[in-house]
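Chain residues, written in single-letter form:
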Amino acid sequence: MNLINDLRSNLLYMPKFNKNIIAETHPSHYMMHKYWGRKPHNVVRDYILNFTKPGDTVLDPFMGSGVVVIESLKSGRKTFGVDLNPMACFITENTISDIDFDDFDSSFQKIYQKNLELFSYLYLTKCPSCGKETLFENSVWDGEDIVKLRGTCDSCGKFTKDADNHDHKLIKESQSIFNKLDKSKKLFYPKDEILKFVKRNGKANLNQFFTERSLVVLGTIVQDIEKIKNKQTRNILQMCFTSMLPNVSKMIPGDLDSVNGKSGWVISKLWSPKVHTEKNPLNSFRERFNKVRKGKQELIGVLDNKKAQILNIDATNLKSIKNSSVDYIFTDPPYGDSIAYFGLSMFWNAWLKNKVNYDNEIIYDPCRNKKYEDYSSRMKKVFLELYRVLKNKKYLSFTFHNRNLNIWKAVMDSVTDAGFHLINVVYQEQAVASGTQGINKKNTLRGDFVYNFVKDKDIKSSNKYKVKQNDMESEVIIIKKINEWLKRANGFITSDALYEKLIPFIVENHLYSDNGNRVINIENLLRKHLDYNFVKSKNEYGWQNK
Ligand SMILES: C[S@@+](CC[C@H](N)C(=O)[O-])C[C@H]1O[C@@H](n2cnc3c(N)ncnc32)[C@H](O)[C@@H]1O
Ligand SMILES: [Zn+2]
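Residues numbered from 1 in each chain as written. Chains lettered and ligands numbered in written order. Predicted model: local features only at pLDDT ≥ 70, side-chain atom pairs only at ≥ 80, totals over all residues.

(A) How the structure looks around the overall build of the protein. Counting its secondary structure elements, the protein contains 16 helices and 15 strands. For the protein, whose C-alpha radius of gyration is 26 Å, the value lies close to the compact-globule estimate of 24 Å for 546 residues. Reported as C-alpha extents along the three principal axes, the dimensions of the protein are approximately 80 × 55 × 40 Å. Each of the 546 residues in the protein was classed as buried or not, and the buried ones make up 41%. For the protein, the proportion of contacts with a sequence separation of at least 24, taken over those separated by at least 6, is 73%. (Helix = DSSP H or I, 4+ residues; strand = E, 2+ residues; numbered from the N terminus. Rg over C-alpha atoms; globule rule 2.2 N^0.38 Å. Buried ≥ 20, exposed ≤ 12 C-beta atoms within 10 Å, placed from the backbone. Contact = placed C-beta atoms within 7 Å.)

What follows is the structure, given as structure tokens:
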């Protein structure tokens, strides 16, 4: 620890930054399109403000939906945003792009009205009280059968009902329209094969995630959008379109009582429950148009998009960025095995006919033979590139929250091998729970860690600053430390509180491996020495002495 402290005090020019920033919820311009792992915008902004000056250049090599790019622009910085997933570039570009609201509004109205006229009748149902025809809002299906519907009658108000003959007739009719259009090749819809790693039930191809009725409407809308002349309008309407896709798919579970379909992805896989919801895509398209419009309005006059370069390239080769040209790097690298970005994004990419370079994705995916070695060798190349493009005596911050020490070690080794020096590790709470964090409430890590590094050629060897381990094994040191913390916390500590301390401790002291030079499995180590229990008095799960 002393050596790390020495290093810290040597770096007098380092802007002091080690606080936990309270995350704010996302404003509308971050709610235009879903993406996974979006960082709190105010945290990102504070890091940018702390480490750079106006006019400086900020890089994010794993840009995702572009929080770093957008916050850089909003604070008057220049920025490079890199992501190999075309969808990430698409969302970021459409967020920062100029927009002609008149053209956007009229193009939307034209397509919306046309499709309303063509297909509205497919969404009519009879009011169970007075028999009048009205548009339904949701229907619920059990497998291949429509069973329930929900709507609002002008005279009788809200209702839910069992599907009747008329409802079944409309399904038949939709199927025959679909077959006719399909046969004459007049309809575009993607049939891409679902990647194994994200596959969750029998559905083998993307089209199986939509009813035929939805495919007819979606396929027509997407082709109408394609014909729009103004490129910006076309792209932003395409974003309205892709952002509604999960909501109008069979991924939304069906509720047989309320017939209320929630929106969005339920789990971070391509999965459809047997009882699922079917929504009217015409309604969803209008809703998404309004959401996107609100987001675009928020950004009027707020940023200069000419200061941004969005690059749909592999971060292992940043050839278009010059040596020592970047003032600060803030990034959130892929965490190995948590979210399969490319596989999931197929749900959008395929509808836009985007070509995706699956081979070069940085990920741990056993189904594609992408093991730790692949992950770690690619990460090594990325950090070498980051070292090359960053100016000397400038900083790199990245967030990470994987508990798997193999993944950590791969990342930490890549960064230090590239020549970066660790300054500190800051625990950062997260306001909005992300996909994976939502699933297992019992034993997950809510926050993120921000690792701050410097590139400084005057510091000769990074090893010199590694903490020398005494003769004790890593495991013994770790457990000794945990016992100290447990004692202070009256014998009980939640996973979150424990990992918040443990991760910086392991990283700063290089305690990754056990005696046999195997990377420690923290979870196993904890279970060997401690009990994981629900403690009634605290109403919480956490770790206790055995
Ligand atoms: C954890 S996400 C970043 C999320 C981001 N922080 C946000 O706010 O949305 C990591 C990103 O790395 C991208 N990625 C994976 N392999 C890549 C590669 N070889 N080159 C560039 N980007 C890659 C994924 O597409 C994904 O968007
Ligand atoms: Zn009625």
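(B) Region of interest: the pairing of strand S2 (residues 78-82). Extensive coverage of S2 is indicated by the burial of 5 of its 5 residues. Across the two faces of S2 the burial is the same, with Lys78, Phe80 and Val82 and Thr79 and Gly81 all buried. Here strand S1 (residues 57-60) runs beside S2; their pairing, made up of 4 bridges, is parallel. The residue of S2 that forms the bridge with Leu59 is Phe80. Between the parallel elements S1 and S2, the chain passes through helix H3 (residues 67-74) in a crossover that is right-handed. Sheet topology places S2 next to strand S8 (residues 308-311); 4 bridges connect them, and they run parallel. Residue pairing in the sheet places Gly81 in a bridge with Ile310 of S8. (Pairing = 2+ DSSP bridges. Right-handed = clockwise from strand over helix to strand, strands pointing away.)

(C) Main features of the packing of helix H5 (residues 101-119) against helix H8 (residues 231-244). Contact geometry of H5 with H8 gives a least axis separation of 10 Å together with a crossing angle of 55°. Considering their axes alone, H5 and H8 lie oblique with respect to each other. Here H5 runs over H8; the crossing is right-handed. Two secondary-structure elements touch here, H5 through Asp103, Phe104, Ser107 and Phe108 and H8 through Thr233, Ile236 and Leu237. Residues of the contact of H5 with H8, tallied by class, amount to 4 nonpolar, 2 polar and 1 charged. (Axes fitted to C-alpha atoms, helices over the stretch in contact; angles between N-to-C directions. Parallel < 35°, antiparallel > 145°, perpendicular 65-115°, else oblique. Left-handed = near helix turned anticlockwise from the far one by under 90°. Nonpolar A, V, L, I, M, F, W, Y, C, P; charged D, E, K, R; others polar.)

(D) A look at the site of ligand 1. For ligand 1, the set of nearby residues contains 22 residues, the closest of which are Phe62, Gly64, Asn85, Ala315 and Asp332. The residue makeup of the shell around ligand 1, split by class, is 10 nonpolar, 6 polar and 6 charged. (Near = placed C-beta within 6 Å.)

(E) Layout of the environment of Asn138. The topology assignment puts Asn138 in strand S4 (residues 133-142). In this view, Asn138 contacts Arg150, Val259, Asn260, Gly261, Thr277, Glu278 and Lys279; residues no more than four positions away in its chain are not counted.

(F) Just the sheet that holds S2, in detail. Read from one edge to the other, the open sheet built from 7 strands follows the order S8-S2-S1-S9-S10-S12-S11, with strand pairing classed as mixed. A single partner strand is all that each edge strand has here, and the edge strands are S8 and strand S11 (421-428). Sheet twist, expressed as the average angle between the axes of neighbouring strands with direction ignored, equals 15°. Bridge count for strand S10 (residues 390-400) against strand S12 (residues 448-455) is 7 bridges, and the pairing is antiparallel. What sits directly across from Ser397, in S12, is Asn452. Its contacts with the sheet place helix H2 (residues 41-51) against S1, strand S9 (326-331), S10 and S11, and it is angled at close to 155° to S9. This element, helix H11 (residues 372-389), spans S1, S9, S10 and S12 of the sheet and lies at about 140° to S10.

(G) Structural view of the confidence of the model for the protein. Mean pLDDT for the protein: 88, with 90% of residues reaching 70 or above. Between residues 1-14, whose pLDDT stays under 50, and residues either more than four places distant or in other chains, the model counts 15 contacts. Overall, residues 462-468 carries pLDDT values under 50, and its contacts beyond four positions in sequence, including any with other chains, amount to 14 contacts. (pLDDT = per-residue confidence, 0-100.)

(H) Representation of the packing of helix H6 (residues 165-183) against helix H7 (residues 212-226). Interaxial distance between H6 and H7 falls to 8 Å at its minimum, and their mutual angle equals 50°. Viewed along their axes, H6 and H7 adopt a mutual orientation that is oblique. Classified by chirality, the crossing of H7 by H6 is left-handed. Between H6 and H7, the contacting residues are Ile171, Ser174, Gln175, Ile177, Phe178 and Leu181 on the first element and Glu212, Arg213, Leu215 and Val216 on the second. In terms of residue class, the contact of H6 with H7 is made up of 6 nonpolar, 2 polar and 2 charged.

(I) Spotlight on unusual backbone geometry. We note that Val259 has phi near 55°; this positive angle belongs to a residue other than glycine. At Ser324, a residue that is not glycine, the phi angle is positive and equals roughly 45°. Inspection of the secondary structure puts Ser324 in the loop between S8 and S9. Taking the number of C-beta atoms within 10 Å as the measure of exposure, Ser324 has 13 and is therefore partly exposed.

(J) Just the sheet that holds strand S15 (residues 540-545), in detail. Pairing is antiparallel across the open sheet formed by 3 strands, whose spatial order is S13-S15-S14. On the outer flanks of this sheet lie strand S13 (492-493) and strand S14 (530-535), each paired with one strand and no other. Relative to S15, S13 is paired through 2 bridges, and the arrangement is antiparallel. Bridging across to S15, Ile493 finds its partner in Trp543.

(K) Main features of helix H10 (residues 341-349). Among the 9 residues of H10, 9 are classified as buried, and the element is accordingly described as predominantly covered. Tyr341, Phe342, Gly343, Leu344, Ser345, Met346, Phe347, Trp348 and Asn349 are the residues of H10 that are buried. Turning to H10, the residues buried within the fold contact helix H4 (86-96) and H8.

(L) Spatial organisation of the environment of Phe108. One can find Phe108 in helix H5. Excluding residues within four positions of it along the chain, Phe108 makes contact with Leu237 and Phe289.

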